[in-house]
Amino acid sequence: MSELRIRGLHKSFDGHPVLHGIDLSVERGTLLALLGPSGSGKTTLLRVLCGFERADGGTVEIDGRRVVGDGLHLPSEQRRIGYVPQEGALFPHLSVADNIVFGLPRAQRRARHRVAELLELVGLPASFATRAPQQLSGGQQQRVALARALAPAPTLVMLDEPFSSLDAALRLETRQAVAQALAAAGATAVLVTHDQSEALSMGHEVAVLWRGKLIQTATPQTLYRQPVTRELASFVGEAVLLAGDARGGSATCELGTLPLSVPVADGAVDVMVRPEQIRVLHAHEAAPSGAPSFDAIVQDVVFQGQDAAVTLRMQSAAHTVVRARVPGYRSPQPGERVTLTVDGDATAYPRG
Ligand SMILES: Nc1ncnc2c1ncn2[C@@H]1O[C@H](COP(=O)(O)OP(=O)(O)OP(=O)(O)O)[C@@H](O)[C@H]1O
């Protein structure tokens, strides 16, 4: 059953449309990542759902109850939404425990209702209850913000770029802790982010907002492997795009004839593969039997430890330049002659 159901939602500011007819459902107990570039309307959608902004049209239902539609605009406090903002969300003059119970009825506040249980849920020791927020790291503060959002047992939890102020190592650790806490609480959640790796790693589903429209809602795997537009392919990861010709469920391009994950009409296409699908074989290595292979010269290597980004000039008539991503320990040298093969399916976008 859908915990959140949005139909035909519109919102404009000063006559400029920001959300155009959004349709979206989030199933109970799942985490939906709402991904989009800056200015695509993510925050506006979140603010309309929370009741901080009025929609111009459309409907919103939370747990089967209409909160927006036909002139209805239920106040935020009646929507049973837990909200985790970007940063600075905790009251500095209150202890961790007082922050957690802040939104609860007075009697529960006094009884420090479920503080130890909620701290445990977000992976923090019970002894943190008496600390001041300033005595916690940024990631720990965001976990307390989540505990506070979960305290009133909301129907829906909204997280607005909650990791953006954390450094890389803390971000990974906090993401994991938050995902585990949401799953353990059985929460239905919407995570707003412009970070594709965050959306792909945390979302059960990812919805992509592009210039105020939802252009694709899919599992992380499908979104990454079969993005619906070339622009989206480049936004959710690195994309290698080559001119080609589609015929009978395959496409032929400078990297050979590749099976298509989704068939398209025969004709001129742009073929998309991911850089990690391009295997770079050193001169002494043989291509897997039967696999077409292509000569190339390494132009540039950016070594990043775990892996390396390799720019290659193909030794075909067009001398096309492609980018591959290889494991760091297999990183080739600039100027090296190599052989390329491609693993897996491609995605094609009809031209014209
Ligand atoms: N209160 C407002 N008044 C006028 N225009 C607004 C208002 N709020 C947002 N906008 C405009 O709506 C568009 C979408 O903004 P929004 O903040 O929703 O995007 P976003 O995807 O959350 O971006 P970011 O990732 O940068 O936060 C922008 O063009 C913005 O200027």
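Treat the numbers as computed from the prediction; the structure is a model and nothing was measured.

Quick notes on the pairing of strand E8 (residues 156–160)
Stage number 1. The element E8 is largely enclosed, with a buried count of five among its five residues.
Stage number 2. With burial as the criterion, each face of E8 is covered, one bearing Leu-156, Met-158 and Asp-160 and the other bearing Val-157 and Leu-159.
Stage number 3. Across four bridges, E8 lies against strand E9 (residues 189–193) in parallel orientation. Residue pairing for E9: Leu-159 is matched across the bridge by Leu-191.
Stage number 4. Regarding topology, helix H6 (residues 168–185) serves as the crossover connection from E8 to the parallel E9, and that connection is right-handed.

Describing the domain arrangement of the protein chain
Stage number 1. Partitioning the protein chain into domains gives domain 1 (2–230) and domain 2 (239–350).
Stage number 2. With centres defined by C-alpha atoms, the gap from domain 1 to domain 2 works out at 39 Å.
Stage number 3. In this assembly, seven residues from domain 1 lie in contact with 12 residues from domain 2.
Stage number 4. Our enumeration of links across domain 1 and domain 2 arrives at one salt bridge.
Stage number 5. In this structure, the salt-bridge partner of Arg-230 is Asp-270, at a minimum N-O distance of 2.7 Å.
Stage number 6. Taken together, the connections running from domain 1 to domain 2 amount to nine residue pairs in polar contact (both at pLDDT 80 or more).

Quick notes on the nonpolar core
Note that soluble globular proteins tend to have their nonpolar side chains buried in a common cluster.
Stage number 1. If you look at the biggest cluster of nonpolar residues, it comprises 35 residues, and the most contacted ones within it are Ile-100, Leu-146, Val-157, Leu-159 and Leu-182.
Stage number 2. Elements with a contribution of two residues or more to this core: helix H2 (96–100), helix H4 (115–121), helix H5 (138–150), E8, H6 and E9.
Stage number 3. For this core, the element with the most residues is H5, which contributes six residues.
Stage number 4. Residues within four places of Ile-100 in sequence aside, it is in contact with Val-115, Leu-118, Leu-119, Val-144, Ala-147, Arg-148 and Ala-151.
Stage number 5. Counting residues in hydrophobic clusters, the runner-up holds 30 residues, among them Val-269, Ala-296, Val-342 and Ala-346.

Brief notes about the side chain of Ser-40
Stage number 1. Mapped onto the secondary structure, Ser-40 falls in the loop between strand E3 (31–35) and helix H1 (42–50).
Stage number 2. Apart from the residues lying within four places of it in its own chain, the contact partners of Ser-40 are Val-18, Leu-209, Trp-210, Arg-211 and Gly-212.

Some points on the sheet that holds strand E21 (residues 347–350)
Stage number 1. With antiparallel pairing, the five strands of this open sheet are ordered in space as E14-E13-E12-E15-E21. With one partner strand each, in any of the chains shown, strand E14 (256–259) and E21 form the two edges of the open sheet. Averaged over neighbouring strand pairs, the angle between their axes works out to 40 degrees when direction is ignored.

Quick word on the site of the ligand
Stage number 1. Every residue close to the ligand is listed here: Phe-13, Val-18, Pro-37, Ser-38, Gly-39, Ser-40, Gly-41, Lys-42, Thr-43, Thr-44 and Glu-161.
Stage number 2. Thr-43 places a polar side-chain atom, nitrogen or oxygen, 2.6 Å from an oxygen atom of the ligand.
Stage number 3. Within the side chain of Thr-44, one N or O atom sits 2.6 Å away from an oxygen atom of the ligand.
Stage number 4. If the ligand stood free it would expose 640 Å²; the protein chains cover 56% of that surface.
Stage number 5. The element contributing the most residues to the shell around the ligand is H1, with three residues.
Stage number 6. Considering only residue class, the shell around the ligand consists of three nonpolar, six polar and two charged.

Analysis parameters
- Residues numbered from 1 in each chain as written.
- Predicted model: local features only at pLDDT ≥ 70, side-chain atom pairs only at ≥ 80, totals over all residues.
- Heavy atoms only, no water.
- Buried < 20%, exposed > 50% of the residue type's maximum accessible area, 1.4 Å probe, protein only.
- Helix = DSSP H or I, 4+ residues; strand = E, 2+ residues; numbered from the N terminus.
- Pairing = 2+ DSSP bridges.
- Right-handed = clockwise from strand over helix to strand, strands pointing away.
- Domains from an automatic or database assignment.
- Contact = heavy atoms within 4.5 Å.
- Salt bridge = Lys/Arg side-chain N within 4 Å of Asp/Glu carboxyl O.
- Polar contact = N/O pair within 3.5 Å; in protein donor to acceptor, adjacent residues only side chain to side chain.
- Core = buried A, V, L, I, M, F, W, Y, C linked by side-chain atoms within 4.5 Å.
- Axes fitted to C-alpha atoms, helices over the stretch in contact; angles between N-to-C directions.
- Near = heavy atom within 4 Å.
- Areas by Shrake-Rupley, 256 points an atom, 1.4 Å probe, with all protein chains shown as cover.
- Nonpolar A, V, L, I, M, F, W, Y, C, P; charged D, E, K, R; others polar.

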